[in-house]
Amino acid sequence: MFGFFRKKVNEPVVYRRPEHCISRKNIDPDALKVLYRLSSLGYTAYLVGGGVRDLLIGRQPKDFDVGTSAKPAEVKHAFRNCFLIGRRFRLAHVKFGGKVIETATFRQNSQTVGEIIEHAAEGPFEDNTFGTPQTDAYRRDFTVNGLFYDIKDFSVIDWVGGMKDIRKKIIRAIGDPEIRFQEDPVRMMRAVKFSSRLGFRIEKRTLVAMKKYHSCILNASVPRVCEEVFRLFPYGCSAEAFRLMHETGLLGDLLPELSRYIASSGNGRSPVFRYLKGLDAYEKMMTGKGFEVSNGLRAAVLMTALYKAEKKDGAGRKVMQMMLDSLKIPKSVYFTAVLLMESSRRLSAPPAKGKFRFIYNRDFLDALDYNRIIARSEKRSEDALNKWADLYEEKGQEE
Ligand code: ATP
Ligand code: MG
């Protein structure tokens, strides 16, 4: 009976329906349609990724993605409302009105494999891009993101130990974190995002690897990095996210002046985090109200402590130039952020007679909100801001 107690490799842990909390009534009905249709045609069809994670935690998923054994052409054949997209048509979008259910054939790891195929002159389509449920689980970033919900018997299939980590609230890289972060450095920012957003701690080896390889982030595609930076704001956990960005060294790579300022102004107690907490309260207030918080406002709050430390004319442009240089933020975000920072002087006193054209500026409401966030963070009075708001109520709609 040697090896009796040894864990079998090549077999996932399967959690039957009574052993987990995912209920079909919490799954988008259109995602269910896709799952049932593929399954009835004899393909394997799973709910995958962040959707499964969020359902297990009891959160409303942002989107529902499907993983399947069906090849893209087969998925297209199964649905009238299906469009193949991406380079070489490797991803299927099944559309229901404005909603898209992303349906991906099980893949193998590695971008490396992907890249080689991408660059092969006339490689056959039937290549080694595609894989099995097992390889598809292993190519994912974190264990909590590697779980599958099987529509056939409503079980959760776990190749990577994700269920245990969800229960213990841990973000852990799948495989060797050093390799996975070098392979795709943006994963380090994703670790920060999930840890702050879900309130999970980053597992020791994963965190150590981040602290070792943080500067690889400078090799990643700038638009992807920029996008990930702005994904740290929704859900109202940006103070914790940027604390982790600073602690791991990622912030020092991307916005060195900001990181140095944090270090010189009390680290965890730096005013930078006071302002971000103010922003977080605002983000939480705005979610569910149908308002988008603008990236210009987010960028302005992030850089406000640095702006205030500058004290010179043109400080707004100077500190926002840092984000322009290293993250290539859109010009519109840059201009809005500069305007918001510079608006603080104008809005610090009540509107004077005949001097209120600012209320007709298209960023006026953002400026008002920005100044409220800063005033609350500094426990300052909002009287002048209330006067501006009253005036806007009265006249703002006129032009
Ligand atoms: P969110 O709620 O923010 O959408 P998510 O987990 O769904 O979170 P996505 O960026 O939508 O994140 O990605 C979907 C899934 O694809 C992830 O759950 C993960 O399994 C996988 N994935 C995404 N990006 C990577 C990456 N860089 N490396 C490996 N796997 C990834
Ligand atoms: Mg997602």
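Residues numbered from 1 in each chain as written. Chains lettered and ligands numbered in written order. Predicted model: local features only at pLDDT ≥ 70, side-chain atom pairs only at ≥ 80, totals over all residues. Heavy atoms only, no water.

J.: Whenever I open this one, the overall build of the chain confuses me. Can you help?
T.: The secondary structure content of the chain amounts to 19 helices and ten strands. Each of the three principal axes of the chain carries a C-alpha extent, and together these read 85 × 50 × 45 Å. Going through the 399 residues of the chain one by one, you find that 52% of them count as buried. Of the contacts made within the chain by residues no fewer than 6 positions apart, 68% connect residues no fewer than 24 positions apart. A total accessible area of about 20,300 Å² is found for the chain, and carbon and sulfur atoms account for 53% of it. On the chain, the mean spot of the 68 positive side-chain charges and the mean spot of the 49 negative ones are 3 Å from each other. (Helix = DSSP H or I, 4+ residues; strand = E, 2+ residues; numbered from the N terminus. Buried < 20%, exposed > 50% of the residue type's maximum accessible area, 1.4 Å probe, protein only. Contact = heavy atoms within 4.5 Å. Areas by Shrake-Rupley, 256 points an atom, 1.4 Å probe, with all protein chains shown as cover. Lys, Arg positive; Asp, Glu negative; His and termini not counted. Charge placed at Lys NZ, Arg CZ, Asp CG, Glu CD.)

J.: I would appreciate a short explanation of the environment of tyrosine 370 in the present structure.
T.: Within the secondary structure, tyrosine 370 sits in helix H18 (residues 364-377). Separated by 72 residues in the primary sequence, tyrosine 370 and arginine 298 have C-alpha atoms spaced 8.8 Å apart. Among residues more than four places away in sequence, those in contact with tyrosine 370 are Leu297, Ala300, Val301, Thr304, Leu340 and Met341. Here the side chain of tyrosine 370 touches threonine 304 through a polar contact of 2.6 Å, side chain to side chain. (Polar contact = N/O pair within 3.5 Å; in protein donor to acceptor, adjacent residues only side chain to side chain.)

J.: Mind showing me how you'd approach helix H17 (residues 331-346) here?
T.: Residues three or four positions apart in an α-helix share a direction because the helix packs 3.6 residues into each turn. The terminal C-alpha atoms of H17 lie 23 Å apart, and with 16 residues this matches the ideal 22 Å at 1.5 Å per residue to within 8%. The set of residues buried in H17 consists of Val333, Tyr334, Thr336, Ala337, Val338, Leu340, Met341 and Ser343. (Expected span 1.5 Å × (residues − 1).)

J.: So what exactly am I meant to see when it comes to the packing of helix H14 (residues 271-286) against helix H15 (residues 295-310) here?
T.: If you want to describe how two helices pack, look at the angle between their axes and the distance between the axes. At a closest axis distance of 8 Å, the pairing of H14 and H15 adopts a crossing angle of 155°. Classified by the angle their axes make, H14 and H15 are roughly antiparallel. The handedness of the crossing between H14 and H15 comes out as right-handed. The segment H14 lies against H15, with Pro271, Val272, Tyr275, Leu276, Leu279, Tyr282 and Glu283 engaging Leu297, Arg298, Val301, Leu302, Thr304, Ala305 and Lys308. (Axes fitted to C-alpha atoms, helices over the stretch in contact; angles between N-to-C directions. Parallel < 35°, antiparallel > 145°, perpendicular 65-115°, else oblique. Left-handed = near helix turned anticlockwise from the far one by under 90°.)

J.: Is there a simple way to explain the domain arrangement of the chain in this structure?
T.: Annotation of the chain at the domain level lists domain 1 (13-169) and domain 2 (264-398). For domain 1 versus domain 2, the separation of C-alpha centres amounts to 41 Å. (Domains from an automatic or database assignment.)

J.: Explanation requested: the confidence of the model for the chain in the structure shown.
T.: Parts of the prediction with low pLDDT should not have their coordinates interpreted in detail. Averaged over all residues, the pLDDT of the chain equals 92, while 92% of them reach at least 70. Taken as a whole, residues 111-126 scores under 50 in pLDDT and shows 18 contacts with residues more than four places along the chain or in a different chain. (pLDDT = per-residue confidence, 0-100.)

J.: Just to check I follow, could you spell out the site of ligand 1 for this structure?
T.: Around ligand 1, a shell composed of 16 residues is seen, among which Arg53, Asp184, Arg187, Arg190 and Arg197 lie nearest. At 3.1 Å from an oxygen atom of ligand 1 is found a main-chain nitrogen or oxygen belonging to asparagine 145. Within the side chain of arginine 190, one N or O atom sits 2.9 Å away from an oxygen atom of ligand 1. Contact with the protein chains removes 83% of the 580 Å² of surface that ligand 1 exposes when unbound. Broken down by secondary-structure element, the contributors of at least two residues to the shell around ligand 1 are helix H2 (50-57) and helix H8 (186-198). (Near = heavy atom within 4 Å.)

J.: Teacher, can you tell me more about the pattern of salt bridges here?
T.: When their charged atoms lie close together, side chains carrying opposite charge are able to pair. Tallying each qualifying case throughout the model produces 28 salt bridges. As a salt-bridge pair, glutamate 382 and arginine 376 come within 2.8 Å of each other at their nearest N and O atoms. What you see here is one network of salt bridges that share partners, running through Arg180, Glu183, Asp184, Arg187 and Arg224. (Salt bridge = Lys/Arg side-chain N within 4 Å of Asp/Glu carboxyl O.)

J.: Got a minute to help me understand H14 in this structure?
T.: Given a rise of 1.5 Å per residue, 16 residues ought to cover 22 Å, and the 23 Å separating the end C-alpha atoms of H14 matches this to within 8%. Considered for burial, the residues of H14 that qualify are Pro271, Val272, Phe273, Tyr275, Leu276, Gly278, Leu279, Asp280, Tyr282, Glu283 and Met286. Residues of H14 that are buried sit in contact with helix H11 (238-248), helix H13 (256-264), H15 and H18. Among the residues trailing H14, glycine 288 stands out with phi positive, at a value near 85°.

J.: Just checking my understanding: could you explain the side chain of serine 265 for this structure?
T.: In this fold, serine 265 is placed in the loop between H13 and H14. For serine 265, a relative accessible area of 19% translates into the label buried. Residues within four places of serine 265 in sequence aside, it is in contact with Ser270 and Pro271.

J.: Got a minute to help me understand empty space enclosed by the protein in this structure?
T.: Over the atoms rolls a probe the size of a water molecule, and in doing so it shows where empty space is left. A full pass over the atoms with the stated rule returns one cavity of 30 Å³ or more. Its volume calculated, the largest cavity comes out at about 40 Å³. The wall of the largest cavity is formed by Lys193, Ser196, Arg197, Arg231, Leu232, Pro234, Tyr235 and Cys237. Per-class residue counts for the lining of the largest cavity are four nonpolar, one polar and three charged. (1 Å grid on protein atoms, 1.4 Å probe; cavity = no way out; pocket = protein on both sides within 12 Å on 5 of 7 lines; lining within 4 Å. Points joined across faces, edges and corners; volume = space filled by probe spheres on them. Nonpolar A, V, L, I, M, F, W, Y, C, P; charged D, E, K, R; others polar.)

J.: Any chance you could explain the environment of glutamate 240 here in plain terms?
T.: Residue position: glutamate 240 is located in helix H11. By relative accessible area, glutamate 240 is classed as partly exposed at 32%. When the C-alpha atoms of glutamate 240 and lysine 277 are compared, they prove to be 8.7 Å apart, with 37 residues separating the residues in sequence.

J.: Help me understand the pairing of strand E6 (residues 99-105) in this model?
T.: Two strands pair when backbone bridges link them, and strand E3 (residues 65-68) and E6 are joined in this way by three bridges, in the parallel orientation. Opposite valine 66, over in E6, you have threonine 103 as the bridge partner. The antiparallel pairing of strand E5 (residues 91-96) with E6 creates a hairpin that spans two residues between the two strands, and glycine 97 there sits at a positive phi of about 60°. (Pairing = 2+ DSSP bridges.)

J.: What should I look at first to understand the sheet that holds strand E1 (residues 13-15) in this one?
T.: Two modes of strand pairing occur in sheets, parallel and antiparallel, and in both the strands are linked by backbone hydrogen bonds. Spatially, E1-E8-E7-E2-E3-E6-E5-E4 is the arrangement adopted by the eight strands of the open sheet, whose pairing is mixed. A single partner strand is all that each edge strand has here, and the edge strands are E1 and strand E4 (82-85). The sheet shows a mean angle of 30° between the axes of neighbouring strands, direction not considered. Bridge analysis of strand E2 (residues 45-48) against E3 gives four bridges, and the strand direction is antiparallel. Paired with alanine 45 across the strands is threonine 68, a residue of E3. Each of E2, E3, E5 and E6 touches helix H1 (residues 29-40); the most contacted strand, E6, lies at about 35° to it. Along the sheet face, H2 touches E2 and strand E7 (147-150) and points at about 65° away from the line of E2.

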